[in-house]
Amino acid sequence: MPKEQQQHQTLAKRFANQSDDTKIFVGGVHVSANEDELREFFSQFDEVVEATLMKDRETGRSRGFGFVTFASSKGVDGALSQNRLYIRNKPVISFSSEL
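Rules behind the numbers
Residues numbered from 1 in each chain as written. Predicted model: local features only at pLDDT ≥ 70, side-chain atom pairs only at ≥ 80, totals over all residues. Heavy atoms only, no water. Helix = DSSP H or I, 4+ residues; strand = E, 2+ residues; numbered from the N terminus. Buried < 20%, exposed > 50% of the residue type's maximum accessible area, 1.4 Å probe, protein only. Contact = heavy atoms within 4.5 Å. Areas by Shrake-Rupley, 256 points an atom, 1.4 Å probe, with all protein chains shown as cover. Pairing = 2+ DSSP bridges. Axes fitted to C-alpha atoms, helices over the stretch in contact; angles between N-to-C directions. Core = buried A, V, L, I, M, F, W, Y, C linked by side-chain atoms within 4.5 Å. Polar contact = N/O pair within 3.5 Å; in protein donor to acceptor, adjacent residues only side chain to side chain. Arc of directions from axis to C-beta.

The next subject is the overall build of the chain. Broken down by element type, the chain carries 3 helices and 5 strands. The linear arrangement of helices and strands in the chain, starting from the amino end, is α-β-α-β-β-α-β-β. When each of the 99 residues of the chain is scored for burial, the buried share is 39%. Counting contacts in the chain only where the partners sit at least 6 residues apart, residues at least 24 apart contribute 62% of the total. Accessible area for the chain stands at about 6200 Å²; split by element, carbon and sulfur atoms hold 42% of it.

Below you can see the structure in the form of structure tokens.
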């Protein structure tokens, strides 16, 4: 398994231990994507309260994962009901904190 995928799975497991039914982990995000694109993409499922991409502390570049918080659990349900999600033609994975 590629190192990036292992990191995403580790983060998703950590995130799954939190309790918030309006927030999802999003992994596999294209490194050139930005938070506005993440917000715009996920707003098709519900109002997005916050969209955050994690960045490398030294370079400031995206690490390829982040979090989206919706106004309600409706957004989480909508996003997770999709078989495949693509941002910038790259498949992304998402996990709910309710796993």
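Below, the discussion takes up the sheet that holds strand 1 (residues 23-27). With antiparallel pairing, 5 strands are arranged side by side in an open sheet as 2-3-1-5-4. With one partner strand each, in any of the chains shown, strand 2 (48-55) and strand 4 (85-87) form the two edges of the open sheet. Direction aside, the axes of adjacent strands within the sheet are offset by 30° on average. Bridge analysis of strand 4 against strand 5 (residues 90-96) gives 3 bridges, and the strand direction is antiparallel. Bridge pairing in strand 5 places Y86 opposite P91.

Positive phi outside glycine occurs at R88, with the angle close to 55°. The topology assignment puts R88 in the loop between strand 4 and strand 5. Residue classification places R88 among the partly exposed positions, given a relative accessible area of 40%. In the Ramachandran plot, N89 falls in the positive-phi region, its phi being about 60° despite a non-glycine side chain.

What follows is about the nonpolar core. Among the nonpolar cores identified, the biggest contains 18 residues, and I24, V26, L38, F42, V68 and F70 are the most heavily contacted of them. Secondary structure elements with two or more residues in this core: strand 1, helix 2 (35-42), strand 2, strand 3 (62-70), helix 3 (73-80) and strand 4. Setting aside anything within four residues of it in sequence, one finds L38 in contact with V26, V29, A51, T52, L53, F67, V68 and I87.

With that out of the way, let us pick up the side chain of S62. If you trace the backbone, S62 turns up in strand 3. Residue class for S62 comes out buried when judged on its relative accessible area of 12%. Within polar-contact distance, the side chain of S62 engages the backbone nitrogen of G64 at 3.0 Å. Not counting residues up to four positions away in its chain, the partners in contact with S62 are V31, L53, M54 and K55.

Helical geometry note: an α-helix holds 3.6 residues per turn, so side chains three or four residues apart project in the same direction. Turning to helix 3, its buried residues are G75, V76, G78 and A79. Buried residues of helix 3, viewed axially, fall in a sector of 165°; they line one side. Exposed residues pointing more than 90 degrees away from the buried face of helix 3 are listed as K74 and D77. Looking at the packing, one finds that the buried side of helix 3 touches strand 1, helix 2, strand 3, strand 4 and strand 5.

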